[in-house]
Amino acid sequence: MERLSILSDGHRRKKKSVRREQMSGKHRFRALVRMVLNHRPWLVELDRVGLGVDATIMKNVLMIDVITREKYQSLTLANKSLLRKDASLRTEEDIESLYKVIGNLKCFRRYPENVRKELVASTYFEYFGPDRVIVKQEHESTFLGFVLRGELEVTYTKMDPVFGKLVTEVTSHLFPGDVFGEVSLLHNVPRTDTVTSLTAVELLILKKD
């Protein structure tokens, strides 16, 4: 019985070790994918000027580029320029043009058409690189964010009652089509979480008046 118990304990330890290695492998893979996505424009440019990017790597990068463009409906420079224009200066033609492009994006589909048109008329385009804190827990809420492209991590920091120190937990991830900041903005309370970009992200921002 004792030997059986020892074997059983050894088996459990081995399973835990394998699970840790698998999780570690998954994290490494995700980190690698994020790195490729973040540097995709540079890789494409290096290939264009003939600086020798491996053909297989280049094929995969270009495939990712096509998929992400199709999936996330990238905005053109003209669209982004209009979305950076002061909302009070946008013409009816500007708004109509923007509505055709972003009015039916996943993050807006939940709203009726009249609300979508108001959102298009009032939102601004913002770009953030990786590892940027977009909003911070307990800070004043000044905008609502709609995710167009990229991945963000939502974390919550609290006091551990046992060890008496602050601990931070990952509560969720945000992807294209997700919205953040509604609770804080609508109820006029400080931010309840911290949101950090894991990759380069493109957002539409609705500012608090």
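Residues numbered from 1 in each chain as written. Predicted model: local features only at pLDDT ≥ 70, side-chain atom pairs only at ≥ 80, totals over all residues. Heavy atoms only, no water.

Taking an unreviewed UniProt entry as the reference, the protein chain is identified by name as Cyclic nucleotide-binding domain-containing protein belonging to Homalodisca liturata.

The next thing to look at is the overall build of the protein chain. Within the protein chain, the secondary structure is distributed over seven helices and eight strands. Taken across its 209 residues, the protein chain has 33% of its residues classed as buried. Pairs at least 24 residues apart make up 69% of the contacts formed inside the protein chain by residues separated by at least 6 positions. Summed over all atoms, the accessible surface of the protein chain reaches about 14000 Å², with 57% contributed by carbon and sulfur. (Helix = DSSP H or I, 4+ residues; strand = E, 2+ residues; numbered from the N terminus. Buried < 20%, exposed > 50% of the residue type's maximum accessible area, 1.4 Å probe, protein only. Contact = heavy atoms within 4.5 Å. Areas by Shrake-Rupley, 256 points an atom, 1.4 Å probe, with all protein chains shown as cover.)

Counting residues in hydrophobic clusters, the biggest one holds 21 residues, and the most contacted among them are Ile102, Phe108, Phe146 and Leu204. Those elements that place two or more of their residues in this core are helix 4 (77-84), helix 5 (92-102), helix 6 (113-122), strand 3 (143-149) and strand 8 (201-207). Here this core gets four residues from one element, more than from any other, and that element is helix 5. Residues within four places of Ile102 in sequence aside, it is in contact with Leu75, Leu83, Phe108, Val120 and Leu204. Counting residues in hydrophobic clusters, the runner-up holds 13 residues, among them Ile134, Val195, Val201 and Ile205. (Core = buried A, V, L, I, M, F, W, Y, C linked by side-chain atoms within 4.5 Å.)

On inspection of all chains with the given rule, the structure shows four salt bridges. Linking Glu202 and Lys80 is a salt bridge whose minimum nitrogen-to-oxygen distance equals 3.2 Å. With Glu202 in strand 8 and Lys80 in helix 4, the pair connects residues that are 122 residues apart, well separated along the chain. By relative accessible area, Glu202 is classed as buried at 11%. As a salt-bridge pair, Lys117 and Glu113 come within 3.7 Å of each other at their nearest N and O atoms. Pair noted here: Lys117 and Glu113 are both in helix 6, with a separation of four residues, about one helical turn. (Salt bridge = Lys/Arg side-chain N within 4 Å of Asp/Glu carboxyl O.)

Moving on, we get to the side chain of Thr199. Locating Thr199 in the fold gives a position in the loop between strand 7 (194-197) and strand 8. Residue Thr199 is classed as buried on the basis of its relative accessible area, which comes to 6%. Side-chain polar atoms of Thr199 contact the backbone nitrogen of Glu151, separated by 3.0 Å. (Polar contact = N/O pair within 3.5 Å; in protein donor to acceptor, adjacent residues only side chain to side chain.)

Looking now at the packing of helix 5 against helix 6. Where helix 5 meets helix 6, the closest approach of the two axes is 9 Å, and the angle between their N-to-C directions is 115 degrees. One element, helix 5, and the other, helix 6, form an angle in the roughly perpendicular class. Between helix 5 and helix 6 lies a crossing of right-handed hand. Listed contacts from helix 6 to Ile95, Leu98, Tyr99 and Ile102 of helix 5 are Glu113, Arg116, Lys117, Val120 and Ala121. (Axes fitted to C-alpha atoms, helices over the stretch in contact; angles between N-to-C directions. Parallel < 35°, antiparallel > 145°, perpendicular 65-115°, else oblique. Left-handed = near helix turned anticlockwise from the far one by under 90°.)

What follows is about the packing of helix 4 against helix 5. Running from N to C, helix 4 and helix 5 cross one another at 125 degrees; their axes reach a closest spacing of 11 Å. The angle between helix 4 and helix 5 places the two elements in the oblique class. Classified by chirality, the crossing of helix 5 by helix 4 is left-handed. Between helix 4 and helix 5, the residues in contact are Asn79, Leu82 and Leu83 and Asp94, Ser97, Leu98, Val101 and Ile102, respectively. Grouping the constituent residues of the contact of helix 4 with helix 5 by class yields five nonpolar, two polar and one charged. (Nonpolar A, V, L, I, M, F, W, Y, C, P; charged D, E, K, R; others polar.)

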